[in-house]
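# A closer look at the structure
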Amino acid sequence: MNKLGVYVHIPFCNGKCAYCDFVSGVYDEEVKRKYFAELLREIGGFDFGGYEIDTVYFGGGTPSSVSLEYISGVLDALRSNAFFSDEAEITLECNPESFDEEKAKKYAETGINRLSFGLQSATDSLLKKIGRLHDTSEFLAALDIAEKYFDNISADLMLGLPGQTKEDVIKTIDLLSGRKLKHISVYALKVEEGTPLASSGYATDEDYSAELYDIAFGRLCEHDYRRYEVSNFAFPGFESKHNLKYWRRNDYVGFGVAAHSFVHDTRYFNTSDIDIYIRGTHAVDRTYIDPKSEEAAEETIMLALRTAEGLDLGEYARMFGRDLSEYKRGEIDSLAEYMEVSDGHLRLTEKGFYLMNGLIVRLLD
């Protein structure tokens, strides 16, 4: 039976952060009720035949901001319509201000076995600047509760925040690693048009953000974290199984407003308008990608090179009928400082990760 990842988008928050351009916001209970009713209908209408669910990821928005019954209802619907792997990884994103012991206990009882906290920084003045609703002490209190029920916990750190210093980054990583969190994500802030941060005139300094990433990478390595994807670090064995599906072009289906899917070699995404979604219109675009096409080959390279595992050259040859290390020998040799072939894989070097996007473009030209 083929494996399937499931993403569930929960577009509700208690407050909108200054940098956020995700499809999310503050809505009343009536909108939430209608949204989850439509979400259950969408799940019920999907053909899970031939699939076994081995990952579920509740993202948002802030999934922990909605009532427990909504989350358990979604999991009940999935279990009623599909087979679940005995080892399924089920992740729920949380924010400290909307997390408590009752929720933690209920999440564990419903089968959720991985939590991902949005921290972003351990410096309270930075959290206030970007509109976060919690401070560091509230995060630690939430973590104390979470650790009673969960062993697999992740947290997010953001780089390039207004006024962020190198010391801020070190302090945040030391706090998280000191608690032995199994997974830490490190994202560079991108100031998106239409956000309050963009309206304020703030712009990131890419060179400085790269310096902060270098500091974060070194510090995380010192604490025995392994970078398995450019923005994600984990102790061995605690890599996000769901996120790896994206980089490996495995099948996954997204439910909810703005959710993306890749199933049966077809990419599609749902409407980004909550009102339209609630009225029953879901997918708005579908693109079939021939699994033997140049587009599929380029996607495979682009996604695999984001990971420490790199591109399996043998698998690539089986899929597309050519030896990439020969077909692109000139490009690979000219970029030897930034990428290497070893153990049957094409991988970026440490220096290559800093120039990843440009290197991939050069390799695919």
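A quick note: this is a predicted structure, and the numbers were derived from the prediction, not measured. (Residues numbered from 1 in each chain as written. Predicted model: local features only at pLDDT ≥ 70, side-chain atom pairs only at ≥ 80, totals over all residues. Heavy atoms only, no water.)

### Quick word on the overall build of the chain
In terms of regular secondary structure, the chain is built from 16 helices and 15 strands. The C-alpha atoms of the chain give 21 Å as radius of gyration, which agrees with the globular expectation for 365 residues (21 Å, within 12%). Projected onto the principal axes, the alpha-carbon positions of the chain cover approximately 60 × 50 × 40 Å. Within the chain, the proportion of its 365 residues that are buried is 53%. Taking as baseline every contact in the chain between residues at least 6 positions apart, the subset at least 24 positions apart corresponds to 69%. Split by element, the accessible area of the chain, about 16,200 Å² in all, is 49% carbon and sulfur. Across the chain, 40 positive and 63 negative side-chain charges occur, with their mean positions spaced 2 Å apart. (Helix = DSSP H or I, 4+ residues; strand = E, 2+ residues; numbered from the N terminus. Rg over C-alpha atoms; globule rule 2.2 N^0.38 Å. Buried < 20%, exposed > 50% of the residue type's maximum accessible area, 1.4 Å probe, protein only. Contact = heavy atoms within 4.5 Å. Areas by Shrake-Rupley, 256 points an atom, 1.4 Å probe, with all protein chains shown as cover. Lys, Arg positive; Asp, Glu negative; His and termini not counted. Charge placed at Lys NZ, Arg CZ, Asp CG, Glu CD.)

### Observations concerning the layout of surface pockets
Taken as a whole, the second largest pocket encloses approximately 460 Å³ of empty space. Taken together, 20 residues line the second largest pocket, and the ones lying closest to its centre are Arg248, Arg249, Thr300, Glu315 and Met319. Mapped by element, the contributors of at least two residues to the lining of the second largest pocket are helix H9 (241-248), helix H11 (294-304), strand E13 (311-312) and helix H12 (313-320). Per-element accounting of the lining of the second largest pocket gives the leading share, 4 residues, to H12. In the lining of the second largest pocket, the residues fall into 7 nonpolar, 4 polar and 9 charged. (1 Å grid on protein atoms, 1.4 Å probe; cavity = no way out; pocket = protein on both sides within 12 Å on 5 of 7 lines; lining within 4 Å. Points joined across faces, edges and corners; volume = space filled by probe spheres on them. Nonpolar A, V, L, I, M, F, W, Y, C, P; charged D, E, K, R; others polar.)

### Quick notes on the sheet that holds strand E15 (residues 345-348)
Judged by pairing direction, the sheet is antiparallel, and its 3 strands sit side by side in the order E13-E15-E14 without closing on themselves. For this open sheet the edge positions go to E13 and strand E14 (339-342), each flanked by a neighbour on one side alone. Alignment of E14 against E15, held across 4 bridges, turns out to be antiparallel. Following the sheet pairing, methionine 339 is matched in E15 by leucine 348. (Pairing = 2+ DSSP bridges.)

### A few points about the pattern of salt bridges
Inspection of every chain in the model, using the stated rule, returns 24 salt bridges. The partner of glutamate 52 in a salt bridge is lysine 3, with the nearest N and O atoms 2.3 Å apart. Placement of glutamate 52 in strand E2 (residues 51-60) and of lysine 3 in strand E1 (residues 2-10) is noted, with a sequence separation of 49 residues between them. The class for glutamate 52 is buried, based on a relative accessible area of 17%. (Salt bridge = Lys/Arg side-chain N within 4 Å of Asp/Glu carboxyl O.)

### Comments concerning helix H8 (residues 206-222)
Helix length check: H8, at 17 residues, gives a terminal C-alpha distance of 24 Å against a target of 24 Å (1.5 Å per residue), a fit within 8%. Buried-residue contacts for H8 involve strand E5 (153-159), helix H6 (166-178), strand E6 (183-188), strand E7 (226-229), strand E8 (232-234) and helix H15 (350-353). One side-chain oxygen of the residue at the start of H8 lies 3.0 Å from the amide nitrogen of aspartate 207, identifying that residue as aspartate 205. Taken from the residues just after H8, aspartate 224 is the one with a positive phi, measuring 75°. (Expected span 1.5 Å × (residues − 1). Polar contact = N/O pair within 3.5 Å; in protein donor to acceptor, adjacent residues only side chain to side chain.)

### Some thoughts on the packing of aromatic side chains
Aromatic rings considered in pairs are described by the distance between their centres and by the relative angle of their planes. For the coordinates displayed, the defined rule picks out 18 aromatic pairs. Here the aromatic rings of phenylalanine 99 and phenylalanine 117 are separated by 5.2 Å at their centres, their planes lie at 80°, and the arrangement is edge-to-face. In this pair, phenylalanine 99 is assigned in the loop between strand E3 (83-94) and helix H3 (101-109) and phenylalanine 117 in strand E4 (residues 114-120), connecting sequence segments 18 residues apart. The pair formed by phenylalanine 99 and phenylalanine 117 is uniform in burial state, with each residue classed as buried. (Phe/Tyr/Trp six-rings, centres within 6.5 Å; stacked < 30°, edge-to-face > 60°.)

### Overview of empty space enclosed by the protein
A full pass over the atoms with the stated rule returns 1 cavity of 30 Å³ or more. Space inside the largest cavity adds up to approximately 40 Å³. If you trace the largest cavity, you find it lined by Glu294, Ala297, Glu298, Ile301, Tyr316, Arg322, Leu324, Tyr327, Lys328 and Leu364. Mapped onto the lining of the largest cavity, the elements with two or more residues apiece are H11 and helix H13 (324-327). The residue inventory of the lining of the largest cavity, partitioned by class, reads 6 nonpolar, no polar and 4 charged.

### A closer look at the state of the cysteines
If you walk through the whole model with that rule in mind, you get 0 disulfides. The thiol of cysteine 17 is unpaired, and the distance to the nearest cysteine sulfur, on cysteine 20, comes to 6.3 Å. For cysteine 17, a relative accessible area of 9% translates into the label buried. Here cysteine 94 is not cross-linked by a disulfide; its sulfur's nearest cysteine counterpart is in cysteine 13, at 13 Å. (Disulfide = S-S within 2.5 Å.)

### So, the pairing of E5
Burial within E5 is extensive, with 7 of its 7 residues counted as buried. Side chains of E5 alternate between two faces, with Ile153, Ala155, Leu157 and Leu159 and Ser154, Asp156 and Met158 buried alike. The sheet contact formed by E5 and E6 spans 6 bridges and is parallel. Note on E6: the bridge partner recorded for aspartate 156 is serine 185. Crossover E5 to E6 through H6 is right-handed. (Right-handed = clockwise from strand over helix to strand, strands pointing away.)

### Description of the nonpolar core
Counting 92 residues, the largest nonpolar core has Phe58, Leu78, Phe99 and Leu115 as its most contacted members. Top contributing element to this core by residue count: helix H2 (residues 68-81), with 7 residues. Not counting residues up to four positions away in its chain, the partners in contact with leucine 78 are Val6, Ile43, Phe48, Ile53, Val56, Phe84 and Phe255. Ranked by size, the runner-up nonpolar core spans 10 residues in total, among them Ala18, Tyr19, Met158 and Leu161. (Core = buried A, V, L, I, M, F, W, Y, C linked by side-chain atoms within 4.5 Å.)

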